[in-house]
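The lines below spell out each chain.
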Amino acid sequence: MIRLKDISKWYSNGSAKAHILRHIDIEINEGEFVSIMGPSGSGKSTLLHLMGMIDDPSEGEYFFEGESVFTLKEKQRSELYKKHIGFVFQAYHLIDELTVYENIETPLLYHKISSAERKAMVADILDRFQIVGKKDLFPEQLSGGQQQLVGIARAVITKPKLILADEPTGNLNSKQGEEIMDLFTRLNKEEGVTIIQVTHSEKNASYGSRTINLLDGKIAL
Amino acid sequence: MLKNYFKTAWRNLLNNKLFSFINIMGLALGMTCSLLIMLWVKDELAMDKFHANDSRLYRVMENQFFSGAISTFPSTPGIFAENVVKDIPEIQMASQFLWEEEPLFTVNDTFDKEKGRYVQKDFLKMFSFKLTKGDVATALARPDAVVLSKKLADKYFKGQDPMGKMIRIDNRENVIVTGVLDEIPKSSSLKFDFLMSFDLWAKQNTWAKDWGNNGPRCYVMLAPNTSLEKVNAKLKGYIKSKNKGSNVEVFLQNYGESYLYSNWEDGKPNGGRIEYVRIFSVVAIVILLIACINFMNLATARSLKRSREIGVRKVVGASKRQLIGQFIGESLLVSFMAMGAALLIVLFILPSFNALTDKQLALNFGDASFWSTIILLTLLTGIISGSYPALFMSSLKPIVVLKGALKINPSAAFFRKALVVFQFSLSIILILGMIVVYRQIDFIHNKNLGFAREDLLFIPLEGELAKNFPTFKQELLKQPGIKNVTSASSSPLEVGSSTQGVTWPGKDTTKLILFSSNPISYDYINTMGIQLVNGRDFSNGYGTDTLNYLVNEAAARKIGYKDPVGKELTMWGDKGTIIGVMKDFHHNSLHVPIEPLILRLVKKDWGYGSFVIIRSEAGKTKQALASMEKMVKQFNPGFPFRYNFTDQEISKTYKTEFTVNKLSRYFAFLAIFISCLGLFGLVTFTAEQRTKEIGVRKVLGASVPGILAMLSKDFLRLVLIAIVIASPLAWWAMHKWLQDFAYRIDIGWSVFVIADFAAIAIAMLTVSFQAVKAARANPVKSLRTE
Ligand SMILES: Nc1ncnc2c1ncn2[C@@H]1O[C@H](COP(=O)(O)OP(=O)(O)OP(=O)(O)O)[C@@H](O)[C@H]1O
Ligand SMILES: [Mg+2]
């Protein structure tokens, strides 16, 4: 499903180049549940952004279901992304001006889903994440963990084929974390959703079928 | 989707009340100004266009050739119309049309002077002035016909049918009412309370029947599908064919256009009111643009704040198009709110605007075209102001904004600065324009006209007064408050008549030279307060003064005598002597240069002229008026007492300029206010952005003035650039405007100093208001909240 070929990324800092990722080759098949681990600053988020098509590498190729992503026009790329990928941010990134309900509903709007269907889907997700009571609150009225739940809900509601999650349980208590991992596992097993998560927790990583370790922008074997 | 956008937009407005207020208020003010000007322009453009035969109606214009120059007037010989319809078949109808006259109407015990026009029989068939009584085809057929306005019909024939009733005119003729006019449309520049037969007037004014004399206007109606060029070609030599040696040529100007295109130079149309229509249209666009720029500026500046939302929307699937749609939609929301506010403001200030512009403009809420214009204007404003922010924001890369690494994009910052410069340039041009207009008007107002315009009154010399003027003068001088009394053919405002009939020994007879002439009676120089540079005034003491002349300096130069006093001059065949030279004074408006002028005493058989001119004792105006009224009532019992103050009448001749003066002041104020509103928003935003930096700097020891300077410097630089750009443009525009005045101010450097200083001061005041607040904020507080 995903094939990264010789991906590198650096920032030029004056004359010096700061390498974030070096010569990364990864292949991930449909239906896999992959965890990415590594110390802080090792480039995990950057790698996930690349796979999510919201960042560009300095060098290398990326094939998504056989399509060469970086040669696509922006419009086609965002279509591809919209159709297949759900992204969970490390920093939640909710829209401040919208309520919980509206934040979760937003992707459905862009997927042109009818209003009756939207209602049903959002209600279902709110229920599943046990945040029905919070649906009319604004993000600033939520705790970090609650915001993270909303962020995850927003990513899964469009039923993407691939979920990219950047430390999805970082701000959750262990019980909530387990629930999210169970949810991911269920999506993975029952619906065949491919999941790639970044995590610092060995325990969470163990939910996955495979772990990729990053160290200084390189894959550590 | 729309609901989602609307909610975000609405909550954004609510969460940022200051910015929302600035945006909506700025746009609303800009729209108010555009709406007012649009109403005015629409009204101006519609003037005189309501006549059914509009495309076939023409005004006859006359080019007069004198010493190399062409002067163009709408005047013709009084027998032009009756002849031209016979001689040129393409001209279907024609009617002479006299200047406004004010004859005395008497019906039994009711009498008053009424304003109206003398026209010919086809006039009502050519123009679409409707009658409520009578028939347009026949109403003016008989030479003793009169058509009254409803007002006059009610005044003289209350409760009766006026048709067929008799009115005595000037205690001389009887006329019969043959029609009653319907209300004259507001969009008619011709206004009159009565129409009477031109022939009636011509009977008393036989000079008008001569091909060599020009005066009355003439309107013609062409046959359908006639080529104007062909008719003009036929008209070119027409007067010459009737009057050998004539130096005038006539041509036609479309009547509907004559209101806006009334100025002529070298025989070609050279603007007129159309210039104000153009100038104000540009002003409307400029002010709206300034307001739109505020919106663009604040929106792009604030895009930093909203960038996360944009990033998220992109990541959850929004396409660039959808985001553009969202932001344009937001600005449309704002522009519709602003339009609502603008319509309210317009409703509120329309009465004062009408008073200022002497119009009866109204918002026509029942009119579909009104609403479509409003909606179009709103959409246009929304799209213009939303376009740049929308394009800018929708092209932000999600990763950049989500990682919070979005710095002030240099190209966006440049664009924003360019917009501020543009905005301030426009404002400075308007301020400069305002100052120049103000100074020119002030100059006109206070210019030494060469005679004393204060305490100078004039009344028409009519009825019995015209016969008994010397006795009247004697008696009036005995009354309190009266200092001098004289009479003249022309009022102190304007010497209308001119002549080529002046000769002197050694004159180059190949040249046609035009002299203004004003036959007067004794004491004219004293009464007017004119200075003599040489010689003496006319005086009773010399019996022969009826053949003597006073000339002004301009005339003396034209004649070419080195020492004119005592030299020979012949006017209209009367050989006489120049007895004095007057210092040049303005006997016409300041729009035209001082022309050569010859004064001579009226001859016995001419009467004593048309006006009594009276100088009251300084500060005794009330007494003088009472004296005048008493004497006029006594000498002229059949006439109402009417009087004019010269200085007030002079002011009235500059009405358009006064209106422009006031309007330009309002518009300049509005422009700078809107610009400052935007600047205020930007500074607030910058200060907000740099709160943390300011806090850190203060902790490190920066002083309040230092931080103030840091925050203000950038904006000051922008205003300075605007000054550099605006100054030459403003100079050029105002230089052009001033060309309309023969006597005008110099646009000195002081104008620029004032305008530039004002712009800087206002901008700095605006900036420092916020900057001081930011600089004085407690650093600990600002750092803690970060
Ligand atoms: N705009 C940038 N310019 C320069 N360096 C950057 C930029 N963005 C990120 N980096 C660097 O890239 C490296 C990788 O960042 P990344 O966010 O991928 O790390 P991470 O592995 O996700 O760490 P964490 O576990 O703390 O989230 C970091 O060292 C960071 O300093
Ligand atoms: Mg990370």
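You'll find the structure just up there.
Parameters at a glance
- Residues numbered from 1 in each chain as written.
- Chains lettered and ligands numbered in written order.
- Predicted model: local features only at pLDDT ≥ 70, side-chain atom pairs only at ≥ 80, totals over all residues.
- Heavy atoms only, no water.
- Helix = DSSP H or I, 4+ residues; strand = E, 2+ residues; numbered from the N terminus.
- Buried < 20%, exposed > 50% of the residue type's maximum accessible area, 1.4 Å probe, protein only.
- Polar contact = N/O pair within 3.5 Å; in protein donor to acceptor, adjacent residues only side chain to side chain.
- Contact = heavy atoms within 4.5 Å.
- Buried area = accessible area lost by both parts, 1.4 Å probe.
- Salt bridge = Lys/Arg side-chain N within 4 Å of Asp/Glu carboxyl O.
- Donors = N, O, S within 2.8 Å, 3.2 Å for Na, K, Ca; no water.
- Patch = residues over 30% accessible without salt bridge, like charges linked within 9 Å, V, L, I, M, F, W, Y side chains within 5 Å.
- Areas by Shrake-Rupley, 256 points an atom, 1.4 Å probe, with all protein chains shown as cover.
- Lys, Arg positive; Asp, Glu negative; His and termini not counted.
- Charge placed at Lys NZ, Arg CZ, Asp CG, Glu CD.
- Phe/Tyr/Trp six-rings, centres within 6.5 Å; stacked < 30°, edge-to-face > 60°.

Undergrad: Please provide a residue-by-residue account of the side chain of Gln 148 of chain A, values included.
TA: All names here are of chain A. Checked against the element boundaries, Gln 148 lands in helix α5 (residues 144–156). Using a relative accessible area of 2% as the deciding quantity, one classes Gln 148 as buried. Only 3.2 Å separates the side chain of Gln 148 from the backbone oxygen of Pro 168, close enough to count as a polar contact. Every residue in contact with Gln 148, bar those within four places of it in the chain, is listed here: Phe 89, Gln 90, Tyr 92, Glu 167, Pro 168, Thr 169, Gly 170, Asn 171 and Leu 172.

Undergrad: Tell me what's going on with the interface of chain B and chain A, and back it up with residues and numbers.
TA: Opposite the 26 residues of chain B that make contact, chain A presents 27 residues. In terms of surface lost to chain A, no three residues of chain B exceed Val 315, Val 316 and Ile 399 of chain B, which account for 23% of the buried area on that side. Seen at the junction of chain B and chain A, the total is one salt bridge. Across the pair Arg 11 of chain B and Glu 102 of chain A runs a salt bridge, and its minimum N-O distance is 2.5 Å. Summed over the shared surface of chain B and chain A, the number is four residue pairs in polar contact (both at pLDDT 80 or more). Listing elements by their share of the side of chain B that touches chain A, those giving two or more residues are α1 (2–15), α10 (273–315), α11 (320–357) and α13 (398–402) of chain B. Take the side of chain B that touches chain A: its biggest share by element is seven residues, from α1 of chain B.

Undergrad: Hey, could you go over the coordination of the magnesium ion (ligand 2) for me, with residue numbers and the actual values?
TA: Looking at the metal site, the magnesium ion (ligand 2) is ligated by Ser 45 of chain A (OG) and Gln 90 of chain A (OE1), spaced 2.0 to 2.5 Å from it. Highlighted residues: Ser 45 of chain A in helix α1 (residues 44–51) and Gln 90 of chain A in the loop between β6 (85–88) and α3 (100–110), separated in sequence by 45 residues.

Undergrad: Describe in detail a negative patch on the surface, supporting the description with residues and values.
TA: A cluster of acidic side chains, namely Asp 6, Asp 25, Glu 59 and Glu 61 of chain A, defines a negative patch on the protein surface. With respect to the element layout, Asp 6 of chain A can be found in strand β1 (residues 2–13).

Undergrad: Can you lay out the packing of aromatic side chains for me, pointing to particular residues and giving the numbers?
TA: All names here are of chain B. The full count for this structure, using the stated rule, is 37 aromatic pairs over all chains. Ring geometry for Phe 127 versus Tyr 219: centroids 5.3 Å apart, planes at 75 degrees, classification edge-to-face. Linking Phe 127 in the loop between α4 (123–126) and β7 (131–133) with Tyr 219 in strand β12 (residues 217–222), this pair joins segments that are 92 residues apart in sequence. With a relative accessible area of 1%, Tyr 219 lands in the buried category. Measuring from centroid to centroid gives 5.8 Å for Phe 365 and Trp 371, while their planes differ by 40 degrees, and the two rings are tilted.

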